Structures are given as C-alpha cells and as structure tokens.
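Next come the chains, spelled out residue by residue.
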Amino acid sequence: MDLPRRDEEWGGSGGDGRSEANRRSSSSAPGAFDIPPKNAPVARLRRWRKAALVLNASRRFRYTLDLKKREDKEQLRRKIRLHALVIRAALLFKDAGVRGPPGAPGGAALPTGGFGIGEEQLTTMMRDHNFSAIEEAGGVKGLANLLKTDLDRGISGVEMEVLCRRNIFGANTYPRKKGRSFWVFLWESWQDLTLVILMIAAVLSLVLGIKTEGIEEGWYDGGSIAFAVIIVVIVTAVSDYRQSLQFQNLNEEKQNIHMEVIRSGRRIKVSIFDLVVGDVIPLKIGDQVPADGILITGHSLAIDESSMTGESKIVHKDQKAPILMSGCKVADGYGNMLVTAVGINTEWGLLMSSISEDTGEETPLQVRLNGVATFIGIAGLTVAAAVLVVLLARYFTGHTKNPNGSVQFAKGQTNVKAAVNGAIKIFTVAVTIVVVAVPEGLPLAVTLTLAYSMWKMMADKALVRRLSACETMGSATTICSDKTGTLTLNQMTVVEAYIGGRKINHLENVELSPITVTLLIEGIAHNTTGSVFEPEDGGVIEVTGSPTEKAILLWGLKLGMKFDSERSKTSILHVFPFNSEKKRGGVAVYQAGSEVHVHWKGAAEIILASCTSWLDTDGSKKPMTSEADTFKKYIDNMAEVSLRCIAFAYRSFELEKVPEEDQRENWLLPEDDLILVAIVGIKDPCRPGVKEAVDLCTHAGVKVRMVTGDNLQIAKAIALECGILTDANASEPTLIEGRTFRMKTDAERNAIVEQITVMGRSSPSDKLLLVQALRRRDHVVAVTGDGTNDAPALHEADIGLSMGIQGTEVAKESSDIIILDDNFTSVVKVVRWGRSVYANIQKFIQFQLTVNVAALIINVVAAVSSGDVPLNAVQLLWVNLIMDTLGALALATEPPTDHLMDRPPVGRREPLITNIMWRNLTIQALYQVTVLLVLNFGGRSILHLRNDSREHADKVKNTFIFNTFVLCQIFNEFNARKPDELNIFSGVIGNRLFMGIVGITTLLQVLIIEFLGKFTSTVRLNWKLWLVSIAIAFLSWPLALLGKLLPVPKIPFGDYFSWCCTWCSKRDDGSLVNSHRQLCVH
C-alpha cells in the first residue's frame, strides 16, 4: 500500500494563511504524481515514472534519481568494503616473514624525496590496517620522524614543502568522472520521439518534393522542417548543458570542506584538498576525518565508521587502536591525528573514485509538473489524433483544396507521389501539434529555476545540498532558530565576572589571590578545545576555537596565562568533552607532587547546583549556604542584560582512586562536591538587521521561534531585542524550558506547541520533540542547527539549515541547506528564494498553457472547418521553441521580489494552477483564439485582400495570423511575469536575461517574416500589417490589467473538478474516473 503516514511524510500546508480548501486538499490521499519532500520510498519514485507520459526519457529523467545506478552504487560499496575486510583478515594468518629495518615495513620500495618512508609503504600499511608495521616503524612518533613532522607544531607550512609532499605522497583528491560533454546533451536532445518522427517525415517530404518539383523548389518543405528541428535540438542542448555546468560547480563547492591544520605551530584553516601527508590535524566532535592517519593524542575520541564498514557502530580510538580512516565522522571527544595517506591512496578515495557522483534527485514540484505535463500531453495527443483523422478524411474524400480552388486529391487522377506527399504534410502537422501540446520542457523548467536559484543563493550565503529544499522553503510556516551565532554576532567577550563572592569591575587588572588565579588558569588552559599561538618574534597572539572558547582564553591571557607553559606543567588524565545534553565539560589533570584536580566548566546554574562550597577572595574555601541565592542573583542579573553565564568549578581527587590508563575510557569524572571558582558573563551582541528580518518573516506568515541552550532569562532578553518576543511579561508556555517541554506527554505538547516562542535550556532531543510536535500540527518546519547532536532534528525537519562557520560536518551532512555566514537574515533570503522558485514555475505554467490552448484550438477548429491549418509544422516548431526553452529561460529565472513576502506561505498541497492563473490564461487564450479565428475565416476581407489572387491572399492571411500569434506570446510574456500584480513592468529593466530573450525572439520573428519566407511558407508583410499585428498583441496588456480587477473565488477550481469526479464516481465505479481524480485536482 503506497498511502503515506499522515504526519511524518505529508503534513498539511501549515500557517495561518491557509484556506479551508487547502486543508481539504492536503488531507486527501496522494496521487501517482505526489512524493514527500524527504526520503521518498522507492516504490513511490517508480510509480510516478510509470504514470508519466514521456516523449524523451533521457532528457525528462536526466535530473531525477537514477534508481538503477543507486542500486549499483550500493553493491559497489559493499564489494570494496568486503575486499578491504578480506585483505585485513588474510593478514591475521599471514606469516610475518623477514621484516626490513624500522622505517621500511613490509620490504616495499625504498622511500624517496629525503623521507624515511615511501608512498607505497604508507598506503599498504593504512589499507591493510597493519598495526604491527606501524609498531615496527616506531609508532606514531617513529612515523612522524620518518615523515619529518613535529607532532606539536606540524610541518613548516612553507609552500615549497607542501608542494614537495604533494608530489611525493600524492594530493588529497581522487579522479572524478568527467561531466557529460555538450555532444552528449546534443545526442539526448535528439532522442525526443516526436522530433525523430518529424525528421523522418522531413526526409520523406524532401525526397518526394525533389522528385515532383525538382531540386530548386522541391527541397523547401522537407528542408525547412529538418532545419527547424535542428534549431530546436541545438537550443535545447545548449540550455541543458548550461544547467549541467551550474550543478557541477555547486557539487564541487559542496565537497570543498575547510578544516583546521597545525602548521608551524599555528592552527590555520585550509581546504580538505590541500592536506598533505605529514600534516597534523586537530579533530573534534562532528568533524569528518579528512584523510587516513594515525592518532597522536585523543581524549574520549569515538569514531563513526559506518560510511566505510557499513555497520552503525561507534569505535573508540586510543593508542591500541590508532588507525583513522578517511570519510569517517568524529562522534565524540577530540584529538590530533597524523596524516599518513591521502586521496586515491585511501580506501575512501578508492571508493569515491569508483562511484560516479549522482546529482539526480526529483523534487515534489518536479514530479507534480510531470503529472501536469502528462495530463496536457494526453489531451494534446487526443487533439492531434483527431486533427490527423479529420485532415486525412477530408484529403482523401476530395474536400481539401489548393489555394487556387482546385482539389488536392482526386481519386484516380492524383498520382501516388503527390498523394503520399500530401498525406506526409498532414501527418507532419499532426505530429507538430503533439510537439506543441506535450510540454516536455515543463518538468525541466523546475530544474532550470532550481539551478538558477541555487547559483544565486550562493551569493546570498546559502549553499543548497538538496534540490527539493529550495521549493519546500517557500512553504515554511515556522523557523526554529538557534540563538548563538544565528541571531547574535558570535563575537563573544567576557565583560563581567564574579570571583570570591564579589563583582570584578576591571577585568584588565584583576587583583586575586594566587590560589584563585592558579586554579582559574589551570581550568581555562586545560578544559578547552581551543588553542593559543604565541609567535616567537613577539607578534600578535592568535587564539583559535569556538567563539565561547576564544572569549574565555582571551580572558585567561588577561589573567596572565601562558598557555603552552601551563599545559606542559600538568598531564591530562581524562576528559569529559562538553556535552550539549549536560551543558558542561570537565577535565582531570595531574601535576607531579600535587593532587589531581577535576575542573568543570559550563552553564552557570547547572555548575552552581553541583557546588557545595566556593572560593573566597583570599583563596580560602567557604561552605555554600545562603550564598547560593546570592550567586543565583548574580546569574539572573547577567542574564537580564543578555550575558551568557559560564561558571568555573573544581574539586580535588585522590590519585589512588584514578583508574588505570586502560580503564579510564569509561571513567565518569566526579561532578559532586564542587568548589565554585568564578562566574563570568559573556556578551554576544544581536546581529544588525535581525529585527527587520524577523519582522519580515512575521509579515510573510512565518513564525520565528528561538531554541537555545542558554537559560530562559538570556533567551528572553535576546528574543525581545530581536523582535521574536513582543511581550516582556510573557510566561509559560510562550517561554518554556526544554526540560519542562520534555516532561509533557505528546498530547500536552501538541496542545501548547503553537504558543511556544522561546525555548531555553533546550537539548538537541528537546529540539527534535519540538519539530515533531509542530509537524503534527501541520506546520512546514525549518530548523537551524550546528552541533552533531542537532542531526536528528535537522533530518526530521522539512528543511534542515546547518551553519557554515560553526556547524560540524555531521550537522552539514544531515541538513538540506548550509547557511554559509551563520546569519538569520540569510535564512530569510532562503525563504524568499523558495517562494520565488514556486512563483517562477507558476509564471511559466501560465505562459505555456496559454500558448498550448490557443495553438490547439486554432488548429483544430481550422482543420475541422476548412481542412487546412493556419500554422504549419515549421511555424509550430518556432512557437514551441518560444514557449518551451526560451520561455523557461525568460520566466523561470526571475529574481525574487519583496512582493513575495506579502503573501502567506505556499500551501504544501496547494494546486499548481491557482484561480488567478486560470483567470489570466483563460482571458488571454480566449482573446487570442477569438482574434485569430476571426482572421482565419474573415481575414481576406478584414485585411482588404479581396482583390489579390486566392493563393497570395491566403499566404498573406496565414503569415499575418502566424506573426500576430507569435507577437501575442511575446507581449504575454510580460503579463506572465506578474500574475497577481497590476504593474507588469516592475523590475523588468533589471532582468537582463528576460529582456535579452524578448529582444532576440522579436528580432528572429522579424527575420523569419521578412527573409525566411521560403522556409516557413510565409510572405513579407507591409508596415501597415506589422502595425496591426503589434496593435492586436499590445491589446493583451490592457486586457490583462482589466482581467486582474475581476475577483476570483477562494475555493480552487480544482476542488470543483474534484467534487464533479466524486459525483461521477458515485454514479459509475469506472476505474478511469477514480484513477484520474487526483490529476484533475492538482
């Protein structure tokens, strides 16, 4: 059964701006052309492919997921993994044999370039996980010596040395399969069934024409059709090739991860592709292991190796299991690694070079447009078949006449060649109607607008990882945003401190007891993932790490901390990395001749709750009695002025009770009986422009919610400053703690979730619960996240937004869009682009359907009534080019406007063709059909051609109809730009691509009429007829303006069809009615 789960897969439109009709349509079961925006089941993907009417499968399905390739890719992954496991297993049974001297494990080829070990030796060692070879080489220190690497300072980082290492040991890249060339796209454009039929018909027409009329005159009919088909193919291929290049560039950008590396003692950020063998890489939770390597030092380091082994198992790394594989993720802890193999020499590089990057991914809008194209295509095929039957019947019964009045086919008189040629012309017209009627480019218009939007969004600091996220963002009804770095600047500074029970006003020259300073500096220097680089020449000190870590380290420097010296005095016994669930991190350190100190740092009120005493100004320990309330007041006072509160505490621990080194992995650091040392307030200013961005979201019907790990007081202060919260006296559930929300039942969460605006002290699991509750209430949820633990919420949300600067690689891989500057205003820009994608597609649909309806009706009516069509095959191909490729380029690449934010969010199941679009296209199509049919039947007298010969008069009339029809489409392109706005020229000058396409189309139309009459069966028009054509086309502008003043019903027209279909199905249980009901609605 392919019916979806009610909430998890589909949800409703969400938001306050939804109509009752949208709610009704959102609750209906999905049809064949409906897929969920995320994690669509394979059965669903196969179903819509089978239901689609496709004339050119290679082109239509180019940017969809290749299901066969995905299966082959997974099989290849398994083979490579199995191959690696077999080699490693064989090593266990292999006799070690005679080994070479240290530095030459395995007796491989001699090293080169002055290094003590070669590329082949390192590669074999790492691929085989040969731990004994690593020990023979002297372990990580021995390998570092062989690779001329200082384990503390890294390599020198001089460009010549980096280049030398890259030349000897290889680059950290792998050979990628080249993208398809232009010629492949050209070949695929030829695969269109209708174009193939037209080319065959053109060849037959060419042969027969030359035989009957001679080569000078006989080649025009067939040659012009062939030439028109070639033009269509070339233009289509160029457009598709440009899209492909944009996707290639975006994929390269997605893979270009930047990581910290230690060179010359400094931590610098470089591209993952610039890493070389011998580099020292600091790893932290959420990072991707960028190359194969050996662990130097690590604290609670746990690696997720599922990407390589296929098993969802977390592996703990230490000196007994030091091998790190490229492509794996750091699940917990931190440490440093020595790079020993890069690029194709790693198992990950081998895997990635064997698997071609599959950029295919169908989006819900793309699939729905395939449904629309199929529905229109069926109607078009029916019309074309009817026209073919009528024309052939009229032709062979002698009712079709030449321009001079003679009968085209007379039984027993017309020779076979002439009869076949006449039949081919009729068949060609019918096939060309199919070309125009089946909007093959309609689903591809989504790809075009998405490719354009994704490329432009890069300039707006948003990198799209999943295509469907672009369009889903237009439906977002709520944004759950982090506070730190997204709503605030992430530029943190310690501005206030309470030490020894008193406020420290001057942080530069703090007078404290030696004991307090010693303990503070010891805690700051060791309980951190940041670092301090002090240049030997006395240059500017460089501090690296997260913004919070940097702020604390800078404060430590002001206290007189010498970072390297402090860390060298003591040894770290065990680390409890900062945990977003517990909101704190700890470290146990030991200095020879002293006791073990366990230092804790974290959320002030949480640390305070674990303290039983505190340090006074003289360094003496005092019991925590009534002072606890005083400290809480200090924390509240800082929180009220938007300061993030961090507390430092420690406790002594007996060395005898510390577990042995091999048992420390599971040692839980003691976190009771702590002694409070200090509480600091860190200022993180609100980002400029955030308040305006929040106001814009609210105006657009998108509710912004703040979800932060900081306490509720800080969250409230920032929310008021940003405009997220407007009532300073707000209480629960508008303001709620994560723990409170977590303790409620699902039903209770559902009841209050709409009211929640700020959630403080939230953990990643609380964020996930909030997202799930909002989705159960039919919201389309966008959520921001930067930590590894945010991955479930990012995955669960309709749109996961990870942070490009502070976000971990795990968070980025779970997200749909990466916000490159971590700025909330960029999130709002993504909302605008999401709405723009949907709006642009609707513009193109309105334009294309108008052309479809008008062209079909004109040709059908003319064919049935007179046996002739005013628009021949070449002319229809030109119309198809304007309508399909050029129309998509012009309308699908409109930049977003502020007007888009004046609307409510796009309903997730909102009909693609809205009532406004039906009104606009009906008015334009009726106008065009009426005018052109009047011209077709009364053109000779209207255009004053009575005195001309019948043949010439008909040619002038048909040319005038063709010219007027094309000009109507050019003018109607302007109308399609603004379906619901009166001013259709707003911003048109700034859209150079639109103006360029309109200009080129107009120029080509003039050339066709004036100079290419032989090819298109047209004649030159005088200036008067040109003016009349322009005047008729121009009237579409005021007509559109008047049409927009007509009100439209709120209930979508599709619902009327739905009711009609339901009524019909009650009367008749026919499967055809039921199977097409969904197609009628959407």
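Residues numbered from 1 in each chain as written. Predicted model: local features only at pLDDT ≥ 70, side-chain atom pairs only at ≥ 80, totals over all residues. Heavy atoms only, no water.

As recorded in an unreviewed UniProt entry, the protein chain goes by Calcium-transporting ATPase and comes from Ensete ventricosum. The heading Catalytic activity (unreviewed entry) in the UniProt record of the protein chain holds the text "Ca(2+)(in) + ATP + H2O = Ca(2+)(out) + ADP + phosphate + H(+)". Turning to the protein chain, the UniProt record has this under Function (unreviewed entry): "Catalyzes the hydrolysis of ATP coupled with the transport of calcium." (UniProt positions renumbered as here; feature names shortened; annotations may be inferred.)

Undergrad: Even after reading the chapter, I still don't get the packing of helix 34 (residues 915-942) against helix 35 (residues 950-977), so can you show me in this structure?
TA: In helix packing, the relevant descriptors are the interaxial angle and the interaxial distance, both defined with respect to the helix axes. As a packed pair, helix 34 and helix 35 sit with axes 9 Å apart at the nearest point and diverge in direction by 170°. Between helix 34 and helix 35, the interaxial angle falls into the category roughly antiparallel. Looking at the contact of helix 34 with helix 35 residue by residue, the classes come out as seven nonpolar, nine polar and four charged. (Axes fitted to C-alpha atoms, helices over the stretch in contact; angles between N-to-C directions. Helix = DSSP H or I, 4+ residues; strand = E, 2+ residues; numbered from the N terminus. Parallel < 35°, antiparallel > 145°, perpendicular 65-115°, else oblique. Nonpolar A, V, L, I, M, F, W, Y, C, P; charged D, E, K, R; others polar.)

Undergrad: What exactly am I supposed to notice about the sheet that holds strand 26 (residues 817-819) here?
TA: Whether parallel or antiparallel, the strands of a sheet pair through hydrogen bonds between backbone atoms. Reading across from one edge, 8-26-25-24-9-21-23-22 is the order of the eight strands in this open sheet, with mixed pairing throughout. Since the sheet does not close on itself, it has two edges, and those belong to strand 8 (462-464) and strand 22 (735-737), each with one partner. For this sheet, the mean angle separating the axes of adjacent strands, direction not counted, is 20°. (Pairing = 2+ DSSP bridges.)

Undergrad: Please clarify how the pattern of salt bridges should be interpreted in this entry.
TA: Two side chains with opposite charge may pair up if their charged atoms get near one another. Summed over the entire model, instances satisfying the criterion amount to 33 salt bridges. A salt bridge links Glu-796 to Arg-775; the shortest N-O distance between them is 3.6 Å. In this pair, Glu-796 is assigned in helix 30 (residues 791-796) and Arg-775 in helix 29 (residues 764-776), connecting sequence segments 21 residues apart. Taking relative accessible area as the criterion, Glu-796 reaches 23% and is therefore assigned partly exposed. (Salt bridge = Lys/Arg side-chain N within 4 Å of Asp/Glu carboxyl O. Buried < 20%, exposed > 50% of the residue type's maximum accessible area, 1.4 Å probe, protein only.)

Undergrad: I would appreciate a short explanation of a negative patch on the surface in the present structure.
TA: Taken together, the side chains of Asp-150, Asp-152, Glu-534 and Asp-564 present a region of like negative charge at the surface. Structurally, the position occupied by Glu-534 is in the loop between strand 12 (531-533) and strand 13 (542-544). Glu-534 sits in the partly exposed class, given a relative accessible area of 31%. (Patch = residues over 30% accessible without salt bridge, like charges linked within 9 Å, V, L, I, M, F, W, Y side chains within 5 Å. Areas by Shrake-Rupley, 256 points an atom, 1.4 Å probe, with all protein chains shown as cover. Lys, Arg positive; Asp, Glu negative; His and termini not counted. Charge placed at Lys NZ, Arg CZ, Asp CG, Glu CD.)

Undergrad: I tried to follow the side chain of Asp-292 on my own but got confused; where do I start?
TA: With respect to the helices and strands, the residue Asp-292 is situated in strand 4 (residues 292-304). In this structure Asp-292 is buried but unpaired, with Arg-127 as the nearest side chain of opposite charge at 6.3 Å. Not counting the four nearest positions on each side in its chain, Asp-292 is found in contact with Met-126, Leu-324, Met-325, Ser-326, Met-337, Leu-338, Val-339, Thr-340, Ala-341, Asn-345, Thr-346 and Glu-347. (Contact = heavy atoms within 4.5 Å.)

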